[in-house]
Amino acid sequence: MRAPRILWLSIFKDLLIHSLLGLLIFTIVLVAQSSLAFLDELLAAGIGFAELWILLQMRVPTYLSYGIPTSILFGILLTFGRMSSDS
(Lines give C-alpha, C1' and ligand atoms only; values in the text may rest on other atoms or scores of the structure.)
Protein backbone atom coordinates (compact mmCIF):
# COMPACT_ATOMS: atom_id res chain seq x y z
CA MET A 1 0.00 0.00 0.00
CA ARG A 2 2.94 2.34 -0.50
CA ALA A 3 1.90 3.69 -3.91
CA PRO A 4 -1.33 5.43 -2.82
CA ARG A 5 0.48 7.25 -0.02
CA ILE A 6 3.15 8.52 -2.41
CA LEU A 7 0.44 9.62 -4.84
CA TRP A 8 -1.49 11.52 -2.15
CA LEU A 9 1.67 13.20 -0.88
CA SER A 10 2.56 14.25 -4.40
CA ILE A 11 -0.93 15.68 -4.97
CA PHE A 12 -0.88 17.47 -1.61
CA LYS A 13 2.57 18.97 -2.26
CA ASP A 14 1.50 20.23 -5.69
CA LEU A 15 -1.75 21.61 -4.26
CA LEU A 16 0.09 23.37 -1.44
CA ILE A 17 2.61 24.99 -3.78
CA HIS A 18 -0.06 26.25 -6.17
CA SER A 19 -2.29 27.47 -3.34
CA LEU A 20 0.49 29.42 -1.62
CA LEU A 21 1.53 30.99 -4.90
CA GLY A 22 -2.10 31.91 -5.58
CA LEU A 23 -2.49 33.35 -2.07
CA LEU A 24 0.56 35.54 -2.54
CA ILE A 25 -0.62 36.81 -5.91
CA PHE A 26 -4.26 37.37 -4.90
CA THR A 27 -3.30 39.16 -1.69
CA ILE A 28 -0.87 41.47 -3.47
CA VAL A 29 -3.44 42.28 -6.16
CA LEU A 30 -6.25 42.95 -3.67
CA VAL A 31 -4.14 45.13 -1.39
CA ALA A 32 -2.61 47.04 -4.29
CA GLN A 33 -6.00 47.63 -5.89
CA SER A 34 -7.54 49.00 -2.72
CA SER A 35 -4.46 51.01 -1.74
CA LEU A 36 -4.11 52.83 -5.04
CA ALA A 37 -7.53 54.39 -4.52
CA PHE A 38 -6.45 56.43 -1.49
CA LEU A 39 -2.68 56.55 -1.99
CA ASP A 40 -2.69 60.05 -3.51
CA GLU A 41 -4.68 61.45 -0.62
CA LEU A 42 -2.38 59.87 1.97
CA LEU A 43 0.76 61.14 0.29
CA ALA A 44 -0.76 64.62 -0.07
CA ALA A 45 -1.52 64.58 3.66
CA GLY A 46 2.18 64.08 4.39
CA ILE A 47 2.18 60.44 5.51
CA GLY A 48 5.64 58.91 5.27
CA PHE A 49 6.70 55.57 3.90
CA ALA A 50 6.89 53.92 7.34
CA GLU A 51 3.31 54.87 8.23
CA LEU A 52 2.11 53.79 4.78
CA TRP A 53 3.81 50.41 5.24
CA ILE A 54 2.09 49.95 8.63
CA LEU A 55 -1.26 50.85 7.09
CA LEU A 56 -0.78 48.30 4.31
CA GLN A 57 0.15 45.63 6.86
CA MET A 58 -3.05 46.36 8.77
CA ARG A 59 -5.14 45.89 5.62
CA VAL A 60 -3.67 42.49 4.67
CA PRO A 61 -5.67 40.36 7.19
CA THR A 62 -8.91 41.80 5.83
CA TYR A 63 -8.09 40.63 2.33
CA LEU A 64 -6.85 37.23 3.46
CA SER A 65 -10.48 36.26 4.09
CA TYR A 66 -11.02 36.68 0.34
CA GLY A 67 -7.64 35.42 -0.75
CA ILE A 68 -7.53 32.09 1.11
CA PRO A 69 -10.65 30.48 -0.43
CA THR A 70 -9.77 31.86 -3.85
CA SER A 71 -6.22 30.55 -3.65
CA ILE A 72 -7.35 27.09 -2.52
CA LEU A 73 -9.73 26.92 -5.49
CA PHE A 74 -6.91 28.14 -7.74
CA GLY A 75 -4.58 25.43 -6.38
CA ILE A 76 -7.17 22.68 -6.81
CA LEU A 77 -7.99 23.68 -10.36
CA LEU A 78 -4.34 23.99 -11.34
CA THR A 79 -3.34 20.70 -9.70
CA PHE A 80 -6.14 18.64 -11.17
CA GLY A 81 -5.81 20.35 -14.54
CA ARG A 82 -2.15 19.44 -14.59
CA MET A 83 -2.93 15.87 -13.55
CA SER A 84 -5.51 15.65 -16.33
CA SER A 85 -3.07 16.88 -18.95
CA ASP A 86 -0.42 14.39 -17.73
CA SER A 87 -2.98 11.56 -17.78
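Residues numbered from 1 in each chain as written. Predicted model: local features only at pLDDT ≥ 70, side-chain atom pairs only at ≥ 80, totals over all residues. Heavy atoms only, no water.

Peer 1: Hey, could you run me through the pattern of salt bridges in this one?
Peer 2: Two side chains with opposite charge may pair up if their charged atoms get near one another. This structure, assessed with the given rule, holds 1 salt bridge. With its nearest N and O atoms 3.0 Å apart, the salt bridge here joins Arg82 to Asp14. One end of the pair, Arg82, is in helix α2 (residues 49-86); the other, Asp14, is in helix α1 (residues 2-44), with 68 residues separating them in the sequence. Here Arg82 falls in the partly exposed class, since its relative accessible area comes to 43%. Exposure remark for Asp14: the relative accessible area of 15% places this residue in the buried category. (Salt bridge = Lys/Arg side-chain N within 4 Å of Asp/Glu carboxyl O. Helix = DSSP H or I, 4+ residues; strand = E, 2+ residues; numbered from the N terminus. Buried < 20%, exposed > 50% of the residue type's maximum accessible area, 1.4 Å probe, protein only.)

Peer 1: Can you walk me through α2 in this structure?
Peer 2: For the α-helix, the turn length of 3.6 residues means that residues three or four positions removed from each other point alike. The terminal C-alpha atoms of α2, which comprises 38 residues, lie only 47 Å apart, well short of the 56 Å expected from a rise of 1.5 Å per residue. Helix geometry: α2 is bent most strongly at Tyr63, by close to 45°. Those residues of α2 lying buried are Leu52, Tyr63, Gly67, Ser71, Gly75 and Thr79. Note on α2: the residue one or two positions beyond its end, Ser87, has a positive phi of about 60°. (Expected span 1.5 Å × (residues − 1). Bend = angle between axes of the 7 residues up to and from the residue.)

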